[in-house]
Amino acid sequence: MNKLSKTLDAAPQKPSAKPFRFGFLVHDVSRMRRTLFDVRMKPLGITRSQWSVLAALSRGGNDGVMQIELARQMDVGKVTIGGLILRLEKIGYVRREGDAKDRRARRVFITEKGFDIIQQMEALGTANNASTLAGIDPEALRITEDTLAKVKANIRGELEKAGSGLARLKKG
């Protein structure tokens, strides 16, 4: 045994990321799905930030969504959401109106043109799911969904115990 081998054998074990593999996989899958969706959305001329706003608005019902509430849901600042809404408004996907109860507030509504692009987004999302879930047994998918829902609930519970102020995550 040479001197280098002895030194390597005596070296302390370095920490390993293997115990965190689940978290890395969840993160990587999420990031890669968004990237694939970006690629598929590019021909429509809409950015990730813009499709995220439209998706959030589409879950808000027919009463529109307060601009400040949309910023909270998306975890972005008022200036950022204002710029995104302005760009979406310029291309005709949304419109802003004053709130009937609070003159300082603005509600954001999806226009017909916006609903058209959302319909295209849904079709692309369906294609994304079909290709990314190809070859996965329906029972395995159900178990994965159940597991992820439980993990999400566990994380939400931990955040609530920590008093992080992220109670808005209860909605999703």
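Residues numbered from 1 in each chain as written. Predicted model: local features only at pLDDT ≥ 70, side-chain atom pairs only at ≥ 80, totals over all residues. Heavy atoms only, no water.

Engineer: Break down the side chain of Arg96 for me, with residues and values.
Structural biologist: Relative to the elements of secondary structure, Arg96 occurs in strand β2 (residues 94-98). A residue is classified by how much of its surface remains accessible, and Arg96, at 17% relative accessible area, is buried. Of the polar contacts made by the side chain of Arg96, one reaches the side chain of Glu89; its length is 3.0 Å. When residues no more than four places from it in sequence are discounted, the contact partners of Arg96 are Gln67, Gly82, Ile85, Leu86, Glu89, Arg106, Arg107 and Val108. (Helix = DSSP H or I, 4+ residues; strand = E, 2+ residues; numbered from the N terminus. Buried < 20%, exposed > 50% of the residue type's maximum accessible area, 1.4 Å probe, protein only. Polar contact = N/O pair within 3.5 Å; in protein donor to acceptor, adjacent residues only side chain to side chain. Contact = heavy atoms within 4.5 Å.)

Engineer: Can you lay out the packing of aromatic side chains for me, pointing to particular residues and giving the numbers?
Structural biologist: Applying the stated criterion across every chain yields a total of one aromatic pair. Arranged with centres 4.6 Å apart and planes meeting at 80°, the rings of Phe37 and Trp51 form a pair that is edge-to-face. Taken as a pair, Phe37 in helix α2 (residues 21-41) and Trp51 in helix α3 (residues 48-58) lie far apart in primary sequence, 14 residues in all. Trp51 carries the same exposure label as Phe37, and that label is buried. (Phe/Tyr/Trp six-rings, centres within 6.5 Å; stacked < 30°, edge-to-face > 60°.)

Engineer: Quick rundown of the sheet that holds strand β3 (residues 106-110)? Include the residues and the values.
Structural biologist: Taking strand neighbours across the sheet as the criterion, the three strands line up as β1-β3-β2 in an open arrangement whose pairing is antiparallel. Each edge of the open sheet is held by one strand with a lone partner, namely β1 (65-66) and β2. Pairing analysis gives five bridges linking β2 to β3, with the strands arranged antiparallel. Paired with Arg95 across the bridge in β3 is Phe109. Along the sheet, α3 makes contact with β1, β2 and β3, crossing β3 at roughly 95°. In the packing of helix α5 (residues 78-90) onto the sheet, contacts are made with β2 and β3, and the angle to β2 comes to roughly 115°. (Pairing = 2+ DSSP bridges. Axes fitted to C-alpha atoms, helices over the stretch in contact; angles between N-to-C directions.)

Engineer: With reference to specific residues and values, describe the packing of α3 against helix α4 (residues 67-74).
Structural biologist: As a packed pair, α3 and α4 sit with axes 11 Å apart at the nearest point and diverge in direction by 115°. Overall, the two elements α3 and α4 adopt an arrangement that is roughly perpendicular. Seen from above, α3 lies across α4 with right-handed handedness. Contact residues: Ser49, Ser52, Val53, Ala56 and Leu57 in α3; Leu70, Gln73 and Met74 in α4. (Parallel < 35°, antiparallel > 145°, perpendicular 65-115°, else oblique. Left-handed = near helix turned anticlockwise from the far one by under 90°.)

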